[in-house]
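What follows is the residue order along each chain.
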Amino acid sequence: MFDKAFQEDAGKFLAFGGNVNAAMRQFKTTWDLGAPLIQGLPILFTDAAAWGKSTGMMVKALKDPAVRARYVADNAEKIADYMQYGMHLGSSEMTEAAGRGGWLAKFSRILESGASRIGIGEETTHQTARRMATAAPKAIGWTNRRFQTGFDTYLDVARIEVMKGLETTAMASANPHKAMAELAQFANKLTGVTSTKAMGVSATQRGIESSILMFSPRYTRATAALFMDISRGGLRGDRARKAIASLFAGQLALHAAAAAALDQEVNFIPGHAQFMKVQVGDSWIGFGGKSNSLMNMGADVTQQLIDKGPQSFMDLKVWNQDTYNSNSILKRLRYQMAPAAGEAMSWITGADAIGRTLPDDEDLMSDPEEFLKYVGPKFLPFGIEAAIEGGPLAGMAEFTGAVANPVLPYVRRDELRDKYVKEKFGKDFPGMDWDKFKKLPTYRSKYALMLEEYPDLKAAEELVEKESKNYLSSKERLMYQDKSSEIRRDQIHGVKDEAGKLVEQGYDQISNEFWSGANGRKSGEIFRRKMTIIG
């Protein structure tokens, strides 16, 4: 009764939100070659032959969409048997927007139809303009269909090949039909596919999940279900345990090898941004996928439970950004939100999911450049977005299914601090590093002079300050730091009026007088007093 009433009142809203999410999800997640290392990552470490074949078929399907149809025809008998046991075949939620009735299926046709009206009935010049105008919509439609076919080909072939590889084991069990049904469910979950409708989830809940709560509800549910199957018996539980164990053992081994090759420390602790990533240039690059996301969430929540106790999860003021800083469950759930709903939550709280403050709304509406700069990346594929933020290497990593996070400005600054402290003071003070340096009574004045001596260090400090101002939780601290820095600059360089005339001496002027002996003992007393303040 409630479900029917809710659908009547809010069904159109949920359908609209679901369509927006589906379109953005497809643009962001399928315009790349990432499926083998995202949805297919568990297969890589459990059935390398199936992974290799499905990856090869995906690449072939990008060139020739008929590859998928030929593969299905060649395996029609097997596929029919597997589907009777519940194996999924066809598009996933990642590509549903391009399916019949989906927004992306209509979008390119609408653009092409509108553009084709340019110059109708006119002379050759206008016909040329019309062809040029329809070229872009045709290109968008063609590209979208190719990537959709490649993505769906990978998942279909992967499921079928996994089923083929384990069919003999299932048929040899005491209850072959039950084992085959469990195998079909395992193959679905392994590739991130599940039918919420078949599970009995109501239309209202499915609508809320797809339009508000989750970026990819079926993929999330399938991966979570694979984790939960670890505790089950039978073929499903056995294969789930082996798949999860192989997945993380394989990732850890490859990460350790990459870290050793790059002479870096391994990052084996889940819950941290650098979990199983190595630094390559200005980016942290490593494995992604929903399995790692759930592992990070579990570690984050567990750590808060240990450190602060269960009462720390009782802050439920979802409209307040501070809630997400203190409640790791809500923070991680917000990471999973549908794009449109996540954007609405950002404007309600004044900051995005990772705490960056939003631009001024008046600037966005009055400045087309600012509007495009803010809105544009939200519709771009993850690979292009990563390239804009972190450079070509980060873009290529995301395009092929890895995760690339930019090295944060404070990390680069800390590297330069250590480098220059050792370079400047290491010869006279063996073992000197930043931690020891900042314990010196006059390290602040020494560091201020280092900033003048090393322009790249100064630029790194300025970038940290600039970027930190984008984060809501840092604003009050930075206001205090700005004032302190202003006072300290005056103490070092002196105070000047608007005309640039020196009105109060600082460290630079007094030290020159002191060392020159211009004012004798008086100069020395003033110099020592200034040094006490600065240090």
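These numbers were taken from a predicted model, which means no experiment stands behind them. (Residues numbered from 1 in each chain as written. Predicted model: local features only at pLDDT ≥ 70, side-chain atom pairs only at ≥ 80, totals over all residues. Heavy atoms only, no water.)

**Student:** Tell me about the overall build of the protein, residues and numbers included.
**Tutor:** When helices and strands are tallied, the protein shows 26 helices and five strands. Taking all 535 residues of the protein together, the buried fraction comes to 41%. Only carbon and sulfur atoms are counted for the fraction: they give 59% of the accessible area of the protein, which is about 29300 Å². (Helix = DSSP H or I, 4+ residues; strand = E, 2+ residues; numbered from the N terminus. Buried < 20%, exposed > 50% of the residue type's maximum accessible area, 1.4 Å probe, protein only. Areas by Shrake-Rupley, 256 points an atom, 1.4 Å probe, with all protein chains shown as cover.)

**Student:** Tell me about the pattern of salt bridges, and please be specific about residues and values.
**Tutor:** In total, this model carries 21 salt bridges according to the counting rule given. Across the salt bridge formed by D156 and R159, the nearest N and O atoms sit 2.8 Å from each other. Here R159 and D156 lie together in helix α7 (residues 124-171), a separation of three residues that amounts to about one turn. The buried category is assigned to D156, whose relative accessible area is 3%. Judged by its relative accessible area of 1%, R159 is buried. (Salt bridge = Lys/Arg side-chain N within 4 Å of Asp/Glu carboxyl O.)

**Student:** Help me get a handle on the pairing of strand β2 (residues 283-286), residues and values and all.
**Tutor:** Both faces of β2 are covered, namely the face carrying S283 and I285 and the face carrying W284 and G286. Judged from the four bridges that link them, strand β1 (residues 277-280) and β2 form a sheet pairing that is antiparallel. Paired with K277 across the two strands is G286, which belongs to β2. Linking β1 to β2, which pair antiparallel, is a turn of two residues; within it G281 sits at a positive phi near 65 degrees. As judged from the four bridges shared by β2 and strand β3 (residues 403-406), these two strands associate in the antiparallel manner. Within β3, the position partnered with I285 by the bridge is A404. (Pairing = 2+ DSSP bridges.)

**Student:** Now, about unusual backbone geometry: what can you tell me, with residues and values included?
**Tutor:** A positive phi angle, close to 60 degrees, is found at D263, a residue other than glycine. Mapped onto the secondary structure, D263 falls in the loop between α11 (234-261) and β1. Classification of D263 as exposed rests on a relative accessible area of 73%.

**Student:** Got a sec to walk through the packing of helix α18 (residues 382-390) against helix α19 (residues 392-399)? Specific residues and values, please.
**Tutor:** Angle between the axes and distance between the axes: these two values describe a pair of packed helices. Relative orientation of the contacting elements α18 and α19 amounts to 160 degrees, with a least axis distance of 6 Å. By the angle between their directions, the pair α18 and α19 is classed as roughly antiparallel. Along this stretch, α18 crosses α19, giving a crossing that reads as right-handed. Within the contact between the two elements, α18 uses F382, G383, A386, A387 and G390 and α19 uses P392, A394, G395, E398 and F399. (Axes fitted to C-alpha atoms, helices over the stretch in contact; angles between N-to-C directions. Parallel < 35°, antiparallel > 145°, perpendicular 65-115°, else oblique. Left-handed = near helix turned anticlockwise from the far one by under 90°. Contact = heavy atoms within 4.5 Å.)

**Student:** Give a description of the packing of aromatic side chains that names residues and reports values.
**Tutor:** Per the stated rule, a full pass over the model turns up eight aromatic pairs. Residues W31 and F147 carry aromatic rings whose centres are separated by 6.0 Å and whose planes lie at 25 degrees to one another, so their mutual orientation is stacked. Of the two residues, W31 is situated in the loop between α1 (2-30) and α2 (41-44) and F147 in helix α7; the sequence distance between them amounts to 116 residues. For W31, a relative accessible area of 18% corresponds to the buried category. Taking the centre distance of 5.3 Å and the plane angle of 25 degrees together, the rings of F425 and F437 count as stacked. Linking F425 in helix α20 (residues 409-425) with F437 in helix α21 (residues 434-437), this pair joins segments that are 12 residues apart in sequence. A relative accessible area of 14% means that F425 is categorised as buried. We classify F437 as buried; its relative accessible area is 0%. (Phe/Tyr/Trp six-rings, centres within 6.5 Å; stacked < 30°, edge-to-face > 60°.)

**Student:** Can you lay out the packing of α20 against helix α22 (residues 443-453) for me, pointing to particular residues and giving the numbers?
**Tutor:** Where α20 contacts α22, the axes come no closer than 12 Å and their chain directions differ by 100 degrees. The angle between α20 and α22 places the two elements in the roughly perpendicular class. Counted together, R417, Y420, V421, K424 and F425 of α20 and K446, Y447, M450 and E453 of α22 form the full contact between these two elements.

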